[in-house]
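Observations on the three-dimensional arrangement
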Amino acid sequence: MIKWFTAILGYVFFRFPGAILGFILGSLLDSTDIKSGASFKKVFSQDEKVTPADFELNLLSLSSIVIKADGSVNQTELDYVRRYFVSAYGKERANATFKTFNEIIKNRQVSAPHICMYINQHTRYPARLQILHFLFGIANADGSVSSSEAEEIRKIAGFLRINFRDFESIKAMFFKTGDHAYKILEIEKNASDSEVKKAFRTMAKKYHPDKIQHMDEIHIKGAEAKFREVQMAYDQIKKERGIS
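Cut-off values and rules
Residues numbered from 1 in each chain as written. Predicted model: local features only at pLDDT ≥ 70, side-chain atom pairs only at ≥ 80, totals over all residues. Heavy atoms only, no water. Helix = DSSP H or I, 4+ residues; strand = E, 2+ residues; numbered from the N terminus. Buried < 20%, exposed > 50% of the residue type's maximum accessible area, 1.4 Å probe, protein only. Contact = heavy atoms within 4.5 Å. Salt bridge = Lys/Arg side-chain N within 4 Å of Asp/Glu carboxyl O. Phe/Tyr/Trp six-rings, centres within 6.5 Å; stacked < 30°, edge-to-face > 60°. Axes fitted to C-alpha atoms, helices over the stretch in contact; angles between N-to-C directions. Parallel < 35°, antiparallel > 145°, perpendicular 65-115°, else oblique. Nonpolar A, V, L, I, M, F, W, Y, C, P; charged D, E, K, R; others polar.

When you go through the chain residue by residue, the secondary structure sums to 12 helices and zero strands. If you list the helices and strands of the chain from N to C, you get α-α-α-α-α-α-α-α-α-α-α-α. Among the 244 residues that make up the chain, the fraction classed as buried is 46%. A separation of at least 24 residues holds for 69% of the contacts in the chain among residues at least 6 apart in sequence.

Given below as structure tokens:
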């Protein structure tokens, strides 16, 4: 197998650290995580040129992980993903993409680290934040996000190299707790009024829809939804504190 060859080669030139690096690189070349047929080749392609289909299939694969997180396939969540894709890409294109979705759902070897590595190479950080928001939307489609779904999304966020505070911020948009407004703004509840105002300006800039103008309209709408959540969190804190 390629990974063992590259591990040995790495050891010869760079000793133990080279062996580890060689093994990792060889594993990527082996691409053995998915053995379900040609329909999955695009999902895990490492080519520099990315087509819209590459992104769509990767997104469907991550969706399948969240949908299966609690041990069952929820039709409400499936319908949410389908509506999202129809809105983003049109009915004809979405239906063509969904021909492989059942296969993805049934396959138990979908590799989140591999998919996220591919996404990290070809997307900017604001786009990955939008993907995280989309995944929470799937989990919340049936009215609540289960602990198992939240845990799978947390793992995916890590693979997508999303900052923990950003993860907690987006999570708080779906978990309305006593301090969720502060979590959305990524500050502590004992923050000063000036820190609250500064946090709002920072988060408004981070989640501004202009950050993902290169993506499809549905993703821009998602960014607008996050932007509204930031505004509502700020308004709630201002009201509680009497900030003018």
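So, next bit.
Taken as a whole and assessed by the stated rule, the structure comprises five salt bridges. The salt bridge involving Asp235 is made with Lys238; its shortest N-O contact spans 3.9 Å. Here Lys238 and Asp235 lie together in helix 12 (residues 217–241), a separation of three residues that amounts to about one turn. When its relative accessible area of 22% is taken as the criterion, Lys238 is described as partly exposed. The network of salt bridges with common partners includes Asp166, Glu186 and Lys206.

Within the secondary structure, Ser64 sits in helix 2 (residues 52–67). A relative accessible area of 1% means that Ser64 is categorised as buried. The residues touching Ser64, leaving out its near neighbours within four places in the chain, are Phe101, Ile104, Ile105 and Val110.

This part takes up the environment of Met173. Of note, Met173 is situated in the loop between helix 9 (164–172) and helix 10 (180–184). Between the alpha carbons of Met173 and His133 there is a distance of 8.9 Å; along the sequence they are 40 residues apart. Each residue touching Met173, except ones within four places of it in the same chain, is listed here: His133, Ile184, Tyr207, Lys226, Glu229 and Val230.

Moving on, we get to the packing of aromatic side chains. Per the counting criterion, the structure on display carries seven aromatic pairs. Taking 5.5 Å as the distance between ring centres and 20° as the angle between the ring planes, the aromatic pair formed by Phe136 and Phe174 counts as stacked. In this pair, Phe136 is assigned in helix 7 (residues 125–139) and Phe174 in the loop between helix 9 and helix 10, connecting sequence segments 38 residues apart. For the residue pair Phe136 and Phe174, the accessibility class agrees, reading buried in each case. A centroid spacing of 4.1 Å and a plane angle of 5° characterise the contact between Phe200 and Tyr234, whose relative ring orientation is stacked. Highlighted residues: Phe200 in helix 11 (residues 193–206) and Tyr234 in helix 12, separated in sequence by 34 residues. Assigned by exposure class, Phe200 and Tyr234 land together as buried.

Close contact between helix 3 (residues 75–89) and helix 7 brings their axes to 8 Å; oriented N to C, the two are set at 140°. Taken together, the axes of helix 3 and helix 7 lie oblique to each other. Residues Glu77, Tyr80, Val81, Tyr84 and Phe85 of helix 3 lie in contact with helix 7, whose contacting residues are Gln130, Phe134, Gly137, Ile138 and Ala139. When its residues are assigned to classes, the contact of helix 3 with helix 7 shows seven nonpolar, two polar and one charged.

Within the element layout of this structure, Glu56 appears in helix 2. When sequence neighbours within four positions are dropped, the list of residues in contact with Glu56 reads Phe85, Tyr89, Arg93 and Thr97.

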